[in-house]
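Read off the chains here:
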Amino acid sequence: MTILITGGAGYIGSVTTELLRARGEQVVVLDNLSRGHRDAVAPEIPFYEGNIGDRELVTRIASEHNIDACVHFAAFAYVGESVAQPALYYENNVAQGINLLSALVTAGVRRIVFSSTCATYGEPQQIPIDETHPQLPTNPYGWSKLFVERILADYDGAYKLKFVALRYFNASGATPERGERHDPEPHLIPLVLKAAQKEIDHVTVFGNDYPTNDGTCVRDYIHVSDLAEAHALSLDYLRNGGSSTAINLGNGQGYSVLEVVEAARAVTGREIPIQIEGRRAGDPSHLVADAEKARSVLGWQPQHADLSTIIKSAWDWHAKDMSA
Ligand SMILES: NC(=O)c1ccc[n+]([C@@H]2O[C@H](COP(=O)([O-])OP(=O)(O)OC[C@H]3O[C@@H](n4cnc5c(N)ncnc54)[C@H](O)[C@@H]3O)[C@@H](O)[C@H]2O)c1
């Protein structure tokens, strides 16, 4: 039995692909390389360059590789871009996502782990956010993920497609071999490290008038290896007959933008200049997870929860990438 990994050439997908392979799983990657890197996937792993919306291709992969489960990472994932270009997000994440799910169901695949997001919750009504919190996204990216969650629930009802929707908070950190390489890079920790390396002049802080301790947005940072582990556990859960569910992945600890910058200054020993600008459309003030369900349902135990450890792992990887 083989696992189809969509978006396996991306940041979280490539780390998860390696972890599943290390656990002895057979894996196949489908990625159109629009935002990923071919060299993030080991050459011995079967790799298909193509779109998740290409039903013929998905059907062929499913039959050639005896696919029994899919881990579905492939999507566009930038809040700001989704506000400016919603059509891009609904087409790529929703329309193509439907084609993928339909092709999988037709091919007899009945298990899927889906990359959802805390952005489906919108502005929190309470912190920490558990899975029963109302879902009212504040941007098209969040809506695109929520629509797919809804479609998955209906596909379970009608076609018995069992799913785990993992609602990640802020993925961060790196393994020695794989890290975050987005271009342009919208995520805070890699940007802070680029500023430390003088690759960029400063880090832009979008808004310092939020209702938080220092006025900057608060997020819950989770190490990419801990995220990857949760995917492996979710596959075990589904193979053991688990019912469809949605599970938060975070550490339950929030850090403001300024706290992240301060922690990165301590880790790197470098100057990290910042520039305060106005708020960015679609950004909620606080996003911090209640991740108890991941522990109780999946048996998940994050190993790299400390912010400095997360930043250090990204710094080590970033420095290696720069010297390559
Ligand atoms: N990075 C985060 O903090 C975060 C937080 C919450 C949720 N997520 C979700 O996790 C998933 C992975 O995020 P990431 O940060 O690794 O992103 P990423 O951009 O690094 O990886 C996504 C991969 O999907 C591929 N892709 C995109 N659209 C495709 C399509 N139509 N067909 C085939 N391949 C396609 C890209 O080429 C890329 O390799 C995404 O679904 C994202 O929404 C990420």
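Look a little higher up for the structure.
A brief report on the enclosed structure follows. (Residues numbered from 1 in each chain as written. Predicted model: local features only at pLDDT ≥ 70, side-chain atom pairs only at ≥ 80, totals over all residues. Heavy atoms only, no water.)

**Regarding the overall build of the chain**
Quick reminder of the rule: Working definition: helices are DSSP H or I runs of at least four residues, strands are E runs of at least two. Numbering for both runs from the N terminus. Radius of gyration here is computed from C-alpha atoms only, and the compact-globule reference equals 2.2 Å multiplied by the residue count raised to the power 0.38. Partly exposed residues are those whose accessible area sits between 20% and 50% of the maximum for their type, while under 20% is buried and over 50% is exposed, using a 1.4 Å probe and protein chains only. Two residues form a contact once any of their heavy atoms are found within 4.5 Å. Accessible areas in this description were obtained via Shrake-Rupley with a 1.4 Å probe; residue shielding takes into account the shown protein chains only. Asp and Glu count as negative and Lys and Arg as positive, but His and the ends of the chain are not part of the count. Charge positions come from single atoms, namely NZ of Lys, CZ of Arg, CG of Asp or CD of Glu.
The helix and strand tally for the chain stands at 10 helices and 14 strands. At 19 Å, the chain has a C-alpha radius of gyration in line with the 20 Å of a compact globule built from 324 residues. Referenced to the eigenvectors of the C-alpha coordinate spread, the extents of the chain come out at roughly 55 × 45 × 40 Å. Across the 324 residues that make up the chain, the buried fraction comes to 56%. A separation of at least 24 residues holds for 77% of the contacts in the chain among residues at least 6 apart in sequence. When the accessible surface of the chain is summed, it comes to about 13,300 Å², and 49% of that surface belongs to carbon and sulfur atoms. Looking at charge distribution, the chain has the averaged site of its 27 positive side-chain charges lying 4 Å from that of its 40 negative ones.

**Remarks on the sheet that holds strand β11 (residues 245–249)**
Basically, it comes down to this: Strand pairing follows a simple DSSP-based rule, namely that at least 2 bridges must link the two strands. Axes here mean lines fitted to C-alpha atoms, for a helix over just the part in contact, with angles spanning 0 to 180 degrees between N-to-C directions.
The strand order β3-β2-β1-β4-β5-β6-β11 describes an open sheet built from 7 strands, whose pairing is parallel. Where the open sheet ends on each side, the last strands, each with one partner, are β3 (47–49) and β11. Sheet twist, expressed as the mean angle between neighbouring strand axes with direction ignored, is 20 degrees. Across the sheet, helix α7 (residues 224–239) is in contact with β1 (2–6), β4 (67–72), β5 (111–117), β6 (162–168) and β11; its angle to β6 comes to roughly 160 degrees.

**Some details on the sheet that holds strand β12 (residues 255–256)**
The strand order across the open sheet built from 3 strands is β12-β9-β14, with neighbouring strands paired in mixed fashion. The open sheet terminates on both sides in strands that have one partner only, identified here as β12 and β14 (286–287). When strand β9 (residues 218–219) meets β12, the two strands line up antiparallel, connected through 2 bridges. Along β12, the bridge assignment pairs R219 with Y255.

**Things to note about the packing of helix α6 (residues 188–196) against helix α8 (residues 257–268)**
The line we're drawing: Under this scheme an angle from 65 to 115 degrees is roughly perpendicular, one under 35 degrees roughly parallel, and one over 145 degrees roughly antiparallel; angles in between are oblique. Left-handed describes a crossing in which the near helix is turned anticlockwise from the far one by less than a right angle; the clockwise case is right-handed. Three classes are used: nonpolar for Ala, Val, Leu, Ile, Met, Phe, Trp, Tyr, Cys and Pro, charged for Asp, Glu, Lys and Arg, and polar for all others, with Gly counted as polar.
Running from amino to carboxyl end, α6 crosses α8 at an angle of 45 degrees, the nearest separation of the two axes being 10 Å. By the criterion of interaxial angle, the relationship of α6 to α8 is oblique. Viewed along their axes, α6 and α8 form a crossing whose handedness is right-handed. For the pair formed by α6 and α8, the contact residues are L188, I189, V192, L193 and A196 on the first element and V257, V260, V261, A264 and T268 on the second. Its residues placed into classes, the contact of α6 with α8 shows 9 nonpolar, 1 polar and no charged.

**A closer look at the packing of helix α4 (residues 86–106) against helix α5 (residues 140–159)**
When two helices pack together, their arrangement is given by the angle between the helix axes and by the axis-to-axis distance. Contact pair α4 / α5: the axes reach a minimum separation of 9 Å and the direction vectors enclose 20 degrees. As judged from the angle between their axes, α4 and α5 are roughly parallel. The two elements α4 and α5 cross, and the hand of that crossing is right-handed. In contact with P86, Y89, Y90, N93, V94, I98, L101, S102 and V105 of α4, α5 contributes P140, Y141, W143, S144, F147, V148, I151, L152, Y155 and Y159. In terms of residue class, the contact of α4 with α5 is built from 16 nonpolar, 3 polar and no charged.

**A few points about the site of the ligand**
Keep this limit in mind: Any residue with a heavy atom lying within 4 Å of a molecule or strand is counted as near it. Any pair of N or O atoms that falls within 3.5 Å is considered a polar contact. Within protein, one atom must be able to donate a hydrogen and the other to accept it, and sequence-neighbouring residues count only if both atoms are side-chain atoms.
Lining the immediate surroundings of the ligand are 31 residues, of which D31, F73, Y141, K145 and H182 lie closest. Contact distances for the ligand include 2.9 Å between an oxygen atom and a backbone N or O atom of R35. Coverage of the ligand by the protein chains reaches 97% of its 820 Å² of free accessible surface. Those elements that place two or more of their residues in the shell around the ligand are α1 (11–22), α4, β5, α5 and β7 (170–172).

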